[in-house]
Amino acid sequence: MVVAGGGGGGPNRGGGGGAGGYRTTTSFSAPSESLTVTVGAGGGAGGAGNNSVFSTVTSAGGGLGAASPAAGGDGGSGGGAGRSGPKAGGSGNTPPTSPSQGNDGGDAQGPSPGNGGGGGGAGAVGGNGSSPTAGNGGAGTANDITGSSVTYAGGGGGGTGRSPNAPNAVSGAAGAGGPGGGGAGSSGSSDAVVGTANT
């Protein structure tokens, strides 16, 4: 199993970061010489995640969660779009692999001020952001490589904020992080939750 670093979420009702690409193989033969192993770190705020490499298997870093208003970044799983849509979530499975290493990020559908879309996860697309709520992060995929079932590569939740017409009112609910380590989005009353570190 090779999982890349997830993308960082965008500011100002931004999109959630996409999960790092998730790839597995059951037919890998370890060579006698040493292997190249790289564990990709997650992206900073509004940045793409980094690739993970195990010999010839590369998983792509997750797409960035977009700031307002912009489309989400492409990656292993796509990042969510920033508010004030319509803006599209980033494309997952970029570059393409078979089986797919991830899913698309959620769109920002508006109307203004709107909220961010959720980042895609290994097992599901990110939820779309709208004026009532931000999009949830896409679910990851379960794997029992450790001896028990653990879910990996969940997408980040989209962000909300305070209404410009009512500064003391929170503009909708922040998106939940996708099962598998995705962090929740920020709102006008709470900070974003950092996703699980890639190790």
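Refer to the structure printed above.
All values derive from a computational prediction rather than experimental measurement. (Residues numbered from 1 in each chain as written. Predicted model: local features only at pLDDT ≥ 70, side-chain atom pairs only at ≥ 80, totals over all residues. Heavy atoms only, no water.)

**Examining a nonpolar patch on the surface**
Moving on, step 1. A cluster of nonpolar side chains, Val37, Val39 and Phe54, forms an exposed patch at the surface whose accessible area comes to about 240 Å².
Moving on, step 2. Along the chain, Val37 falls in strand S3 (residues 37-38). (Patch = residues over 30% accessible without salt bridge, like charges linked within 9 Å, V, L, I, M, F, W, Y side chains within 5 Å. Areas by Shrake-Rupley, 256 points an atom, 1.4 Å probe, with all protein chains shown as cover. Salt bridge = Lys/Arg side-chain N within 4 Å of Asp/Glu carboxyl O. Helix = DSSP H or I, 4+ residues; strand = E, 2+ residues; numbered from the N terminus.)

**Observations concerning the sheet that holds S3**
Moving on, step 1. The strand order across the open sheet formed by three strands is S3-S4-S5, and the pairing between neighbours is antiparallel. Here the strands that pair on one side only, and so sit at the sheet edges, are S3 and strand S5 (57-59).
Moving on, step 2. With two bridges joining them, S3 and strand S4 (residues 52-54) adopt antiparallel strand pairing. Counted as the bridge partner of Val37 is Phe54 from S4. (Pairing = 2+ DSSP bridges.)

**Description of the nonpolar core**
Moving on, step 1. In this structure, Val3, Ala19, Tyr22, Ala122, Tyr152 and Ala153 together form the largest nonpolar core, which totals six residues.
Moving on, step 2. In this structure, Val3 is in contact with Gly20, Gly21, Tyr22, Ser52, Ser59, Tyr152, Ala153 and Asn198, ignoring residues within four places of it in sequence. (Core = buried A, V, L, I, M, F, W, Y, C linked by side-chain atoms within 4.5 Å. Buried < 20%, exposed > 50% of the residue type's maximum accessible area, 1.4 Å probe, protein only. Contact = heavy atoms within 4.5 Å.)

**Focus on the environment of Gly76**
Moving on, step 1. One can find Gly76 in the loop between S5 and strand S6 (141-143).
Moving on, step 2. Overall, Gly76 belongs to the buried group, its relative accessible area being 0%.
Moving on, step 3. C-alpha of Gly76 to C-alpha of Ala66: the two residues are 10 residues apart in sequence and 16 Å apart in space.
Moving on, step 4. Not counting the four nearest positions on each side in its chain, Gly76 is found in contact with Ala19, Gly21, Ala60, Gly61, Gly62, Gly92, Asn93, Thr94, Gln101, Gly102 and Asn103.

**Side note on unusual backbone geometry**
Negative phi is the rule for most residues except glycine; trans is the rule for most peptide bonds.
Moving on, step 1. A cis amide bond links Ser68 to the next residue, Pro69, at an omega of -20°.
Moving on, step 2. For Pro69, the position within the fold is in the loop between S5 and S6.
Moving on, step 3. With an omega of 0°, the peptide bond running from Ser98 to Pro99 counts as cis.
Moving on, step 4. Of note, Pro99 is situated in the loop between S5 and S6.

Geometry only, nothing functional implied.
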